[in-house]
Amino acid sequence: MVSFVMEKPNRMSESQNVVVSEAARSIIPNNSSAPPGFISISKKKLLKNLEIINDGERINAWVDSMRASSPTDPKSLPSSISLQQQLSSWIMQHPSALEMFEKIKEASGGKQIVIFLDYDGTLSPIVDDPDKAFMSSKMRRTVKKLAKCFPTAIVTGRCLDKVYNFVKLAELYYAGSHGMDIKGPAKGFSRHKRVKQSLLYQPASDYLPMIDEVYRQLLEKTKSTPGVIVENNKFCASVHFRCVDEKKWSELVLQVRSVLKEYPRLKLNQGRKVFEIRPMIEWDKGKALEFLLESLGFGNSNNVFPVYIGDDRTDEDAFKMLRDRGEGCGVLVSKYPKDTDASYYLQDPSEASPHTHISDEFLATIGGVETNAAKSVKRMYV
């Protein structure tokens, strides 16, 4: 910490000097006009140096958060009793959704089930190139069968058009850009009478020109950092750093923040190896979930059982909403313990069988659509 003693005048202009202790010499240039053991520096220069220190601390905090967004696979960590105890304790609080399926089924008895699904890491594996996060044909068939039974929505940070091109199911509800771009099933495809056809809601439409501008600036600012992928998701911009060398992360934080400092109406969030630049409005995946439930006629109903499945930090808003509502359940897709408001967990797609997908089995089971693939997987895990 830098300690300083101000000279006698009560008001200081930027040209006034501040007397600083010898301990501060490492960060402040020397000035021979100070008394012995002290250095003299203008208030402006002192505040600038303090700003540099604080900014460095903030950057370090961001880098630590970036590391935490994709922690090391527990299987690669040294085996220890304490690690096993931690894992066992976490599983007790968040048991497997497959193992607890009968309990979930019992809790949903007599209620209208509504399904909400994240895309990346839930319906598709996490991949280095976000444009290649393809959904398997088998998963698509499972979701299609699920939508025949229950209202089903995709809630994602992707822009709506892009995720629709991945999923290609017109009978679903889509909430793109973290729920800021909501659209209902195409005309003639919805089997659920409660909602208007082609439901459309865009709470951040005024931000479109700003997001386009920021997207272009981010492309330019980050082009010198190898591995960065900047994505325009219509109502938000994403900066993927999954393929960026960790030694370059501090540099990337500075680049992103240098763009964002000119846009006080935007905020910076972080997901799994990605920065999300979003409008500073009270809207997230939890709000989108509430909006869709209300649109379906279940805003204040006790006769509904929402199920939300997701893997990212941004899904926590939806998990928390369900927990606060006291209805339905959140299911975290993950291969390691982490803080969550979800009630249950499923294995990460990368740990699933190469022939099947754990989420696929769970969705097939909860929909009462027992495909041969799901039955095969169930035999593997019994």
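Here the structure is a predicted model, which means the values were calculated and not measured.

## Here's the deal with helix α4 (residues 137–149)
Spacing of three or four residues puts side chains on the same side of an α-helix, whose turn is 3.6 residues.
Right, on to step 1. Given a rise of 1.5 Å per residue, 13 residues ought to cover 18 Å, and the 19 Å separating the end C-alpha atoms of α4 matches this to within 8%.
Right, on to step 2. The complete set of buried residues in α4 reads K138, M139, T142, V143, L146 and A147.

## Digging into the pattern of salt bridges
Right, on to step 1. Under the criterion given, the structure shown has 14 salt bridges.
Right, on to step 2. D120 serves as the salt-bridge partner of R158, at 2.8 Å between the closest nitrogen and oxygen. Here R158 is found in the loop between β5 (152–155) and α5 (160–167), whereas its partner D120 is found in the loop between β4 (112–117) and α4, with 38 residues between them in sequence.
Right, on to step 3. Accessibility expressed as a relative area gives 4% for R158, which makes it buried.
Right, on to step 4. Assessed through its relative accessible area of 18%, D120 is described here as buried.
Right, on to step 5. What emerges from the salt-bridge pattern is a single network uniting D120, D131, R158, K162 and E231.

## Notes on the environment of L322
Right, on to step 1. Tracing the backbone shows L322 in helix α9 (residues 316–325).
Right, on to step 2. C-alpha of L322 to C-alpha of A342: the two residues are 20 residues apart in sequence and 8.6 Å apart in space.
Right, on to step 3. Not counting residues within four places of it along the chain, the set of residues in contact with L322 comprises L289, P306, Y308, E327, C329 and G330.

## Some points on the side chain of E327
Right, on to step 1. For E327, the location among the structural elements is in the loop between α9 and β14 (329–333).
Right, on to step 2. Here R325 takes part through its side chain, which lies 2.6 Å from a polar atom of the side chain of E327.
Right, on to step 3. Once you skip the residues sitting within four places of it in the chain, E327 turns out to touch S301, N302, V304, P306 and L322.

## Quick word on the sheet that holds strand β15 (residues 344–346)
Strand pairing in a sheet relies on backbone hydrogen bonds, with the paired strands running either antiparallel or parallel.
Right, on to step 1. Across the sheet, 8 strands lie side by side as β8-β7-β6-β5-β4-β13-β14-β15; this open sheet has mixed pairing. The two strands at the open ends of the sheet, each matched to only one other strand, are β8 (200–201) and β15.

The rules behind the values
- Residues numbered from 1 in each chain as written.
- Predicted model: local features only at pLDDT ≥ 70, side-chain atom pairs only at ≥ 80, totals over all residues.
- Heavy atoms only, no water.
- Helix = DSSP H or I, 4+ residues; strand = E, 2+ residues; numbered from the N terminus.
- Expected span 1.5 Å × (residues − 1).
- Buried < 20%, exposed > 50% of the residue type's maximum accessible area, 1.4 Å probe, protein only.
- Salt bridge = Lys/Arg side-chain N within 4 Å of Asp/Glu carboxyl O.
- Contact = heavy atoms within 4.5 Å.
- Polar contact = N/O pair within 3.5 Å; in protein donor to acceptor, adjacent residues only side chain to side chain.
- Pairing = 2+ DSSP bridges.

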